[in-house]
Amino acid sequence: FQIAGYYHDAADPLSAPPAGVLHRAFYISEQITKEQYKAFLNANPEWNKESEYDIESADTVNASNVSWEAADAYCKWLTGRLPSDLRGKFFHLPTEYEWEMAAMSAPETRQILWDWCRNWYYDAETFYKNCVPETYTGAEKAVRGGGEHIWTRGSQPAQWATPFLGFRVVLTGK
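Because the structure is a prediction, the values reported are computed rather than measured.

Trainee: Can you tell me about the environment of V61, naming the residues and giving the values?
Mentor: Inspection of the secondary structure puts V61 in the loop between helix 1 (34-43) and helix 2 (68-80). Between the C-alpha atoms of V61 and K34, which are 27 residues apart in sequence, the distance is 6.0 Å. Those residues in contact with V61 that sit more than four places away from it in its chain are T33 and K34.

Trainee: Explain the packing of aromatic side chains to me, using residue names and the numbers behind them.
Mentor: What the rule picks out here adds up to 7 aromatic pairs. Ring centres of Y37 and F167 lie 6.0 Å apart, and the angle between their planes is 80 degrees; on these two criteria the pair is classed as edge-to-face. Here F167 lies in the loop between strand 7 (165-166) and strand 8 (170-172) and Y37 lies in helix 1, a separation of 130 residues in the sequence. Ring geometry for F40 and Y74: centres 5.5 Å apart, planes at 70 degrees, overall edge-to-face. Of this pair, F40 sits in helix 1 while Y74 sits in helix 2, placing them 34 residues apart in sequence. No difference in accessibility class separates F40 from Y74, as the two residues are buried.

Trainee: Can you explain the nonpolar core? Please cite residues and give values.
Mentor: In this structure, Y37, Y74, W116, F167 and V169 are the most contacted members of the largest nonpolar core, which totals 24 residues. Looking at this core, the elements with two or more residues in it are helix 1 and helix 2. The dominant element in this core, judged by the number of residues it contributes, is helix 2, at 8 residues.

Trainee: Which residues make up the pairing of strand 4 (residues 114-120), and what are the values?
Mentor: Strand direction decides the pairing type here: strand 4 and strand 5 (residues 141-145), joined by 4 bridges, are antiparallel. Counted as the bridge partner of W120 is K141 from strand 5. Bridge count between strand 4 and strand 7: 2 bridges; the pairing is parallel. Counted as the bridge partner of D115 is G166 from strand 7.

Trainee: Which residues make up the pairing of strand 5, and what are the values?
Mentor: Burial of strand 5 is extensive: 5 of the 5 residues sit out of reach of the surface. The pairing of strand 5 with strand 6 (residues 153-156) spans 4 bridges and is classified as antiparallel. Counterpart to K141 in the pairing with strand 6 is Q156.

Trainee: I'd like a rundown of helix 1, residues and numbers included.
Mentor: Buried within helix 1 we find Y37, F40 and L41. Along helix 1, the residues classed as buried sweep out an arc of 100 degrees about the axis, all on the same side. Away from its buried face by more than 90 degrees, helix 1 exposes E35, K38 and N42. Residues of helix 1 that are buried sit in contact with helix 2.

Trainee: Lay out the pattern of salt bridges in plain terms, naming residues and giving numbers.
Mentor: Between side chains of opposite charge, a pair can form as their charged atoms come close. Per the stated rule, a full pass over the model turns up 5 salt bridges. As a salt-bridge pair, D72 and K76 come within 2.9 Å of each other at their nearest N and O atoms. Linking D72 with K76, this pair stays in helix 2, spanning 4 residues, or about one helical turn. Ionic pairing is found between E100 and R144, a salt bridge with its closest N-O pair at 2.6 Å. Residue E100 is located in helix 3 (residues 96-105), and its partner R144 is located in strand 5; the two are separated by 44 residues in the primary sequence. Residue E100 is classed as buried on the basis of its relative accessible area of 1%. Relative accessible area serves as the criterion here: at 0%, R144 is assigned to the buried category.

Definitions and limits used
Residues numbered from 1 in each chain as written. Predicted model: local features only at pLDDT ≥ 70, side-chain atom pairs only at ≥ 80, totals over all residues. Heavy atoms only, no water. Helix = DSSP H or I, 4+ residues; strand = E, 2+ residues; numbered from the N terminus. Contact = heavy atoms within 4.5 Å. Phe/Tyr/Trp six-rings, centres within 6.5 Å; stacked < 30°, edge-to-face > 60°. Buried < 20%, exposed > 50% of the residue type's maximum accessible area, 1.4 Å probe, protein only. Core = buried A, V, L, I, M, F, W, Y, C linked by side-chain atoms within 4.5 Å. Pairing = 2+ DSSP bridges. Arc of directions from axis to C-beta. Salt bridge = Lys/Arg side-chain N within 4 Å of Asp/Glu carboxyl O.

Below you can see the structure in the form of structure tokens.
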């Protein structure tokens, strides 16, 4: 896990989420691997569904063909496996803000898979200029990555599972 937190470059107001969005440090994983996801599927066979696509992911290490719903279920399963000394903490998919903060604090690398985000997708102007409440709902979930730089954003229906979508998890307190 990499630790990330709030970053702001006063010279560039678009370099960070709006004030008040992220006040805490958090831990974010690398992309969940096929091996890690297989442990979840073995414990939860109801999530072991066949892909709708006949093509394999170009990423041979990380889990793909995972819907947002399955990734969210993975987070809940993983939270249930936390040791007692981490009671009160939980895993969840990163919000776009968390994903971006972590990406800015790590060396930039090209990422094959997109990552599911916790929040619903909204347009870039709203994302970068306003503090959108976590209660906002939309038609599709936000996805990040899958390209050359951290500013790449997109969206997909939550039930979609494609060879181009993977996910990370964030560990935070309540």
